[in-house]
Amino acid sequence: METQFQKWKKQYGDLHTIWFGDMPIVTLHDAPTILETFLKDGETYAGRPYFKWDDIIRNGRNGVIFTEGERWRENRRFALHVFRNFGLGKNLMQERVLVEVTSLITDIKDEILGGKNEVSVQNAIDLAVGSIINSLTLGYRYGKEKREEFEKVKKFAQYMIAQVGKPVYRVMDNGPEFYKNFPICNSYYKNFTTEVEKVKNYFLDHIKEHRKVIDFESEEEPTDFVEAFLRHQYKQKAEGITDNNFDDDQLYATILDLWIAGQETTSNTLAWMCVYLFQYPQVQQKLHHELDKVIGSDRIITLDDKNSLNYVNAVVAETQRFCNMIPINVFHRVTKDTKIHGYQIPTDTTITHQVSSVLMDERYFPEPEKFKPERFLDKNGKFFQPPELMPFGIGKRACLGEGLARLELYLFAANMANHFKLDYPSEMTDFGKRLIGGTIVPAPFLCKIQNRF
Ligand code: HEM
């Protein structure tokens, strides 16, 4: 699939239409046009097409990823506000992330002490990132004790992401209730809705439990997203606001969205970073050199160190570019008639900016097939980010979790690299293979780990 997109780009240029099932999608592939449209004229590109499966998955047009208009705007603003109140950009959010970083390092060290010389860093990262998103949304971390529960939710999130690319899913999107009467579609429908029910019940039970224990009359600061939302909902009702965008369906769908969008993306990026550190030992060496020079001990690395760790930042940036994890970006809908390079783009056209094309484009990243963190260092060795580095998308619908994801990537990368030296496993079958689903995941791998302290 990845190479096919590249071929089409070469053949048809920077602006062309691809067909997703029976749905035409206008795709943009060059940075100047993307910046001119999605960034400078954001409102025009801020819509989302309507997928009928959403009536089943999200009880209608709810959540953040696929909503539009006031419901989307108010809820996106609310989620960002809650994240900021939890201390994004300040120490509080950092503390939450560092709890998981420290726990991951301790768990791996325990495994090494216990005599294991090959460890699944991938699984450890997965659990840590899952714990962060869960503690933000539902108020508790998984840790090793709740690994089974984590695996259950993660399996569902993965299942959901994987379905989106399946032909039967796409065909049925025109009306699942109609298609379920046909062979093949009927068993697909049954399996799919069973999975959806499981996750709905999981999140709805948590919402119910939260509601029972919150003292709505108190002015206490909420500590997780569900609590913040329920308090806001209660306040609105008390103020007599009935036509509001903060009902229970919206809450359920938002937690689902934060989970789906926030877990696999962040966890995979970090897993890819480990793969590249084996594959490019000179990069790992330079990383250790910088950490020894700037940090020089096993102390926890924090945001205060970020400006001094130019190479760490460059490795994270190059990992995001090189792993190029989202083969096709989330679709947008054009909200009014517009023109791109003289081509008429009517209202309601489905369109997207192909982040994956830009990140592998030699016009912006010479020798794109090489893993070179140095491309993000200026002549004085200072880290910089060019506008073409857009793994989170750009414009009004750019990733809502960008701030959190950046914090996680930096803190995990810096601290893991400081504590460990990673090396190839003995079993190399499929090592580094790109498994394509909704995101591109590295094939499961173990690694040899040495303690650096
Ligand atoms: C390395 C990690 C991540 C990457 C690469 C990433 C990338 C993206 C991309 C490309 C989009 C689509 C932009 C568009 O529509 O054009 C997106 C949307 C979104 N992301 Fe992320 N993301 C990451 C982590 C997160 C995290 C941690 C969260 C939440 C906790 C999150 C929540 C969202 C949401 C809610 C949207 C939909 C925004 C909207 O439609 O208004 N993401 N992300």
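Residues numbered from 1 in each chain as written. Predicted model: local features only at pLDDT ≥ 70, side-chain atom pairs only at ≥ 80, totals over all residues. Heavy atoms only, no water.

Caption draft 1: Up close: the overall build of the chain. When its secondary structure is counted, the chain shows 16 helices and 11 strands. For the chain, the C-alpha radius of gyration of 22 Å lies close to 22 Å, the compact-globule estimate for 453 residues. Each of the three principal axes of the chain carries a C-alpha extent, and together these read 60 × 60 × 45 Å. When burial is assessed residue by residue, the chain has 56% of its 453 residues classed as buried. The long-range fraction of contacts in the chain, counting pairs at least 24 apart against all pairs at least 6 apart in sequence, stands at 72%. For the chain, the exposed area adds up to about 20800 Å²; of that, 54% sits on carbon and sulfur atoms. If you average the places of the 58 positive and of the 63 negative side-chain charges in the chain, the two averages end up 3 Å apart. (Helix = DSSP H or I, 4+ residues; strand = E, 2+ residues; numbered from the N terminus. Rg over C-alpha atoms; globule rule 2.2 N^0.38 Å. Buried < 20%, exposed > 50% of the residue type's maximum accessible area, 1.4 Å probe, protein only. Contact = heavy atoms within 4.5 Å. Areas by Shrake-Rupley, 256 points an atom, 1.4 Å probe, with all protein chains shown as cover. Lys, Arg positive; Asp, Glu negative; His and termini not counted. Charge placed at Lys NZ, Arg CZ, Asp CG, Glu CD.)

Caption draft 2: View of unusual backbone geometry. A positive phi angle is found at isoleucine 184, which is not glycine, with a value near 65 degrees. Here isoleucine 184 shows up in the loop between α9 (176-179) and α10 (185-213). You will see that asparagine 324, though not glycine, has its phi angle at about 40 degrees, which is positive. Note on placement: asparagine 324 falls in the loop between α14 (310-323) and β4 (332-333). Residue asparagine 324 is classed as buried on the basis of its relative accessible area, which comes to 7%.

Caption draft 3: Representation of the pattern of salt bridges in the model. Tallied over the full model, the rule gives 33 salt bridges. Across the salt bridge formed by glutamate 367 and lysine 370, the nearest N and O atoms sit 3.0 Å from each other. Glutamate 367 gets classed as partly exposed once you look at its relative accessible area, which sits at 42%. Of the residues examined, lysine 370 reaches a relative accessible area of 43% and is grouped as partly exposed. (Salt bridge = Lys/Arg side-chain N within 4 Å of Asp/Glu carboxyl O.)

Caption draft 4: Molecular detail of the coordination of the iron atom of the ligand. Donor atoms from the protein around the iron atom of the ligand number only one, Cys399 (SG), found at 2.3 Å. Structurally, the position occupied by cysteine 399 is in the loop between α15 (355-359) and α16 (402-419). (Donors = N, O, S within 2.8 Å, 3.2 Å for Na, K, Ca; no water.)

Caption draft 5: Representation of the sheet that holds strand β7 (residues 350-353) in the model. The strand order across the open sheet formed by four strands is β1-β2-β7-β4, and the pairing between neighbours is mixed. The open sheet terminates on both sides in strands that have one partner only, identified here as β1 (15-20) and β4. Pairing between β4 and β7: two bridges, direction antiparallel. Along β7, the bridge assignment pairs histidine 332 with isoleucine 351. (Pairing = 2+ DSSP bridges.)

Caption draft 6: Just the UniProt feature "binding site: heme" (unreviewed entry) in the chain, in detail. UniProt's entry tags Cys399 with the feature "binding site: heme" (unreviewed entry), counted in the numbering of this structure. With residues near it in sequence (within four places) discarded, cysteine 399 still touches Arg76 and Phe392. (UniProt positions renumbered as here; feature names shortened; annotations may be inferred.)

Caption draft 7: Looking closely at the site of the ligand. Surrounding the ligand, one finds 27 residues, the nearest of these being Arg48, Trp72, Arg76, His332 and Cys399. Between a nitrogen atom of the ligand and a main-chain N or O atom of alanine 261, the distance comes to 3.4 Å. Arginine 397 places a polar side-chain atom, nitrogen or oxygen, 3.0 Å from an oxygen atom of the ligand. In terms of residues, the shell around the ligand owes the most to one element, helix α12 (residues 248-279), which gives five residues. Class assignment of the residues belonging to the shell around the ligand gives a composition of 14 nonpolar, 10 polar and three charged. (Near = heavy atom within 4 Å. Polar contact = N/O pair within 3.5 Å; in protein donor to acceptor, adjacent residues only side chain to side chain. Nonpolar A, V, L, I, M, F, W, Y, C, P; charged D, E, K, R; others polar.)

Caption draft 8: Broad picture of the side chain of threonine 27. Position of threonine 27 among the secondary structure elements: in strand β2 (residues 23-28). Within polar-contact distance, the side chain of threonine 27 engages the side chain of histidine 29 at 2.9 Å.

Caption draft 9: Seen up close, the packing of helix α6 (residues 121-137) against α16. Orientation of α6 relative to α16, taken along the N-to-C sense of each, is 140 degrees, at an axis distance of 12 Å. The chirality of how α6 crosses α16 is right-handed. Residue-level contacts link Val121, Ile125, Ala128, Val129, Ile132 and Leu136 of α6 to Leu404, Glu408, Phe412 and Met416 of α16. Its residues assigned to classes, the contact of α6 with α16 comprises nine nonpolar, no polar and one charged. (Axes fitted to C-alpha atoms, helices over the stretch in contact; angles between N-to-C directions. Left-handed = near helix turned anticlockwise from the far one by under 90°.)

Caption draft 10: Structural context of the nonpolar core. With 108 residues, the main nonpolar core has Trp53, Leu104, Phe203 and Phe412 as its most contacted residues. Those residues in contact with leucine 104 that sit more than four places away from it in its chain are Ala124, Ile125, Ala128, Phe412 and Met416. Listed in part, the 22 residues of the second largest apolar core include Ile345, Val355, Met390 and Ile394. (Core = buried A, V, L, I, M, F, W, Y, C linked by side-chain atoms within 4.5 Å.)

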